[in-house]
There are 2 protein chains.
Amino acid sequence: MKVGVLGAGQLGRMMALAGYRLGLELHFYTDAPDSSAAQVAPCVCAPLNDAARLEEFASGLDAITYEFENVPVATARRLAALNRRFMPPPPVLEMAQDRLTQKRFLASLGIPTPLFISVETRDELDRGLALTGFPAVLKTRRWGYDGRGQDVLREPADASQAWEWAAGSPLVLEAFVDFDREVSLVAARGLTGETVFYPLTHNVHQDGILRLSLAPAPHCTPLLQQMAEDHASRIFDALHYAGVLTIEFFERRGTLLVNEMASRVHNSGHWTIDGAETSQFENHLRAICSLPLGSPSPRGASAMVNFIGTVPEVRSLLEIPGLHVHLYGKSARPGRKLGHGTLCATSIETSRTSLERLLELAGCLEHIKAAV
Amino acid sequence: MKVGVLGAGQLGRMMALAGYRLGLELHFYTDAPDSSAAQVAPCVCAPLNDAARLEEFASGLDAITYEFENVPVATARRLAALNRRFMPPPPVLEMAQDRLTQKRFLASLGIPTPLFISVETRDELDRGLALTGFPAVLKTRRWGYDGRGQDVLREPADASQAWEWAAGSPLVLEAFVDFDREVSLVAARGLTGETVFYPLTHNVHQDGILRLSLAPAPHCTPLLQQMAEDHASRIFDALHYAGVLTIEFFERRGTLLVNEMASRVHNSGHWTIDGAETSQFENHLRAICSLPLGSPSPRGASAMVNFIGTVPEVRSLLEIPGLHVHLYGKSARPGRKLGHGTLCATSIETSRTSLERLLELAGCLEHIKAAV
């Protein structure tokens, strides 16, 4: 079977490596030159709105998917018209690209989120702040990821500056959640409605970028897992979804509030390559190819650490006992995700020494120690 | 780093997938069109003795290796002259290509093999049979794999027919070993002399082709493992070896006799992709790239089953809980290795039901039940 993928970053690269194991052919389409997935699979480099190139790309593909959410919705609709296995379905992309639409959709399904208010005028901002109180988080509705496009307002005086920063973009104001921790759920649904749910993952961010994932999230109750799965199931059913869906939650006093969702494989699911029976990448491909989904069961306890901006010396990484190293073939640039390492052991405690060394090499030991 | 690989079959394909994880570039060179690795990495298709193409291929590579033993020795020497990281070293290829040279080398290191006798004349065959008795195994010295190029002589009357079959090839006659089971050791040595040894694997063949591997080999004593590692160490040191080495043994009453060795990654090590901390493919690349070797520790008990001649229906395979499926993108042909599946569990017993289903789909349940 031939699968087309829009976008060709590291998520696409890891999807290709998972697909090759199953004997699938992967074909990428991106508007970015020198991309990570293009090093391991055939890749068309053309604008994402070039109808002729897209049609040519789609011809002969058994399924089409994407590995980043900023695929133009018109492009998604065009491809979905050419191939009924364009998945996840185009409407979810519109939600992925608009924080307000996404939150309204979640609210319509009865899925709890932080209090949110649409803000288009300065007056609406002030009225919103009266509801949320301080701190509050002002976010652009569109094009935000890895902590970009948002600002925390700590006191009334911050409102003016934030308003200038936002510079006329449509906005959403959210109540600041004093969460206990951030967790995410990676789930997959097949074209036939079959679902699998990975265990909740505990995520630690730095400057808005994921640094560490622990999976299964320590001290996670079956009830919390069940709540997360119920939320995912409702989203799946509402959208006639196929593929992997990731939901990021704030956990607070035993409850979950959705921070955001991503209609794709996700950084917080990278541990599944080495730490689960079936990786999120393989399950995404199985789902959109109408193949049976694989077991999401964890293989022990995993800790995944991102390499951001620079890759630690590879020799030192490979000296860490039992570390599974993944490098994306990307050039170094501040804030860029260049690779990750995953430790798998019978328990987090077993791999504590290795994990500290890994965090030290990745340059975030102090941050993580302070955060966890 | 850029690694060149001679040969582009499924071993090369799996090596590429392991290399990509580490951010390596893999380049293949083969004389066979439509090869498995060419689907996942750049591949030159040219004769293996084309000096100009080989030189062009070698330029800019950090290391060169091979994934099949029938690389012409002259080609290996030419490439080794161009790149000091041509590994495993050329002399081991000569041994791989000549059963007699290989057995003499092993004997020179004090490593036990079945009794063997060089046979070039009919008279030598008869004198040899007087030493080995019956049954005995007559093998061509060159170009034998997967059970080809050999014949079992069960009684004196078989000698004439075997002699005709051999048709003037240089031969080696071996005493038939009434072994308890066949086991193999996959080991790796780095350029700096560092070594790692995977646990012994129990292998079951059918018509000379590997069908099932169980790893770690059940009921294997530490003494047996140590004997196997000692043999491998002696071979490593004698050859200034870098890369993966596989030794196939006959186990008989608690001792090991070498059946043959392969200077490459090996089918009996496929379980390491899913069932060991570091796969044989990754450790081979680490070894020849002068990177630290990874842990060979098993992750539970693995059972690997080959798909030979035809691939079972993929849907049925993927329905087996916890099965790791690997397909090579090759067209079906009798006797051809097209893929494999690996089950990993806390013990072989835990995965017995899944294993029986897997063997049934692979068409070898009856054979394996009779053999184990």
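So, how was this worked out
Residues numbered from 1 in each chain as written. Chains lettered and ligands numbered in written order. Predicted model: local features only at pLDDT ≥ 70, side-chain atom pairs only at ≥ 80, totals over all residues. Heavy atoms only, no water. Domains from an automatic or database assignment. Pairing = 2+ DSSP bridges. Helix = DSSP H or I, 4+ residues; strand = E, 2+ residues; numbered from the N terminus. Axes fitted to C-alpha atoms, helices over the stretch in contact; angles between N-to-C directions. Contact = heavy atoms within 4.5 Å. Buried area = accessible area lost by both parts, 1.4 Å probe. Salt bridge = Lys/Arg side-chain N within 4 Å of Asp/Glu carboxyl O. Phe/Tyr/Trp six-rings, centres within 6.5 Å; stacked < 30°, edge-to-face > 60°. Buried < 20%, exposed > 50% of the residue type's maximum accessible area, 1.4 Å probe, protein only.

Colleague: Describe in detail the domain arrangement of chain A, supporting the description with residues and values.
Modeller: Accessible area lost upon the coming together of the parts is a frequently used measure of interface size. By domain assignment, chain A separates into domain 1 (2–86), domain 2 (115–175) and domain 3 (181–371). Measuring from the centre of the C-alpha atoms in domain 1 of chain A to the corresponding centre in domain 2 of chain A gives 35 Å.

Colleague: Outline the sheet that holds strand E5 (residues 116–119) of chain B, supporting the account with residue identities and numerical values.
Modeller: All names here are of chain B. Pairing in this open sheet of 4 strands is antiparallel, and the strands run E5-E8-E6-E7 from one edge to the other. Two strands bound the open sheet, and with one partner strand each, they are E5 and strand E7 (150–153). Taken over all neighbouring pairs, the strand axes of this sheet differ in orientation by 25 degrees on average, direction set aside. Across 4 bridges, the pairing between E5 and strand E8 (residues 171–175) is antiparallel. Among the inter-strand pairings, Phe 116 is bridged to a residue of E8, identified as Glu 174. Contacts from helix H5 (residues 99–108) reach E5, strand E6 (136–140), E7 and E8, with the element oriented near 145 degrees to E5. Along the sheet face, helix H7 (residues 158–166) touches E5, E6, E7 and E8 and points at about 170 degrees away from the line of E7.

Colleague: Could you give an account of the interface of chain A and chain B, naming the residues involved and the relevant values?
Modeller: Listed per partner, the contact involves 30 residues of chain A and 30 residues of chain B. Across the chain A/chain B interface, buried area totals approximately 2,800 Å², and carbon plus sulfur atoms make up 49% of it. On the chain A side of the interface with chain B, the three residues burying the most area are A:Arg21, A:Arg299 and A:Leu318, jointly 26% of the side's total. The interface formed by chain A and chain B includes 2 salt bridges.

Colleague: Account for the packing of aromatic side chains, naming residues and giving values.
Modeller: Residue and element names in this part refer to chain A. All chains considered together, the criterion is met by 12 aromatic pairs over all chains. Relative to Phe 236, the ring of Phe 197 has its centre 6.5 Å away and its plane inclined at 35 degrees; by these criteria the two rings are tilted. Linking Phe 197 in strand E10 (residues 195–197) with Phe 236 in helix H8 (residues 222–239), this pair joins segments that are 39 residues apart in sequence. One exposure class covers both Phe 197 and Phe 236, and it is buried. Each residue in the set Phe 197, Phe 236 and Tyr 241 is aromatic and connected to the rest through ring pairs, giving one cluster.

Colleague: I'd like a rundown of unusual backbone geometry, residues and numbers included.
Modeller: Following A:Ala215, the chain continues into A:Pro216 via a peptide bond in cis, with omega recorded as -10 degrees. Among the structural elements, A:Pro216 can be located in the loop between strand E12 (209–215) and H8. Of note, A:Asp207 is a non-glycine position whose phi angle comes to about 50 degrees, a positive value. Structurally, A:Asp207 is set in the loop between strand E11 (201–206) and E12. Looking at A:Asp207, the relative accessible area reads 72%, which means it is exposed. Phi is positive for B:Asp34, close to 55 degrees, though the residue is something other than glycine.

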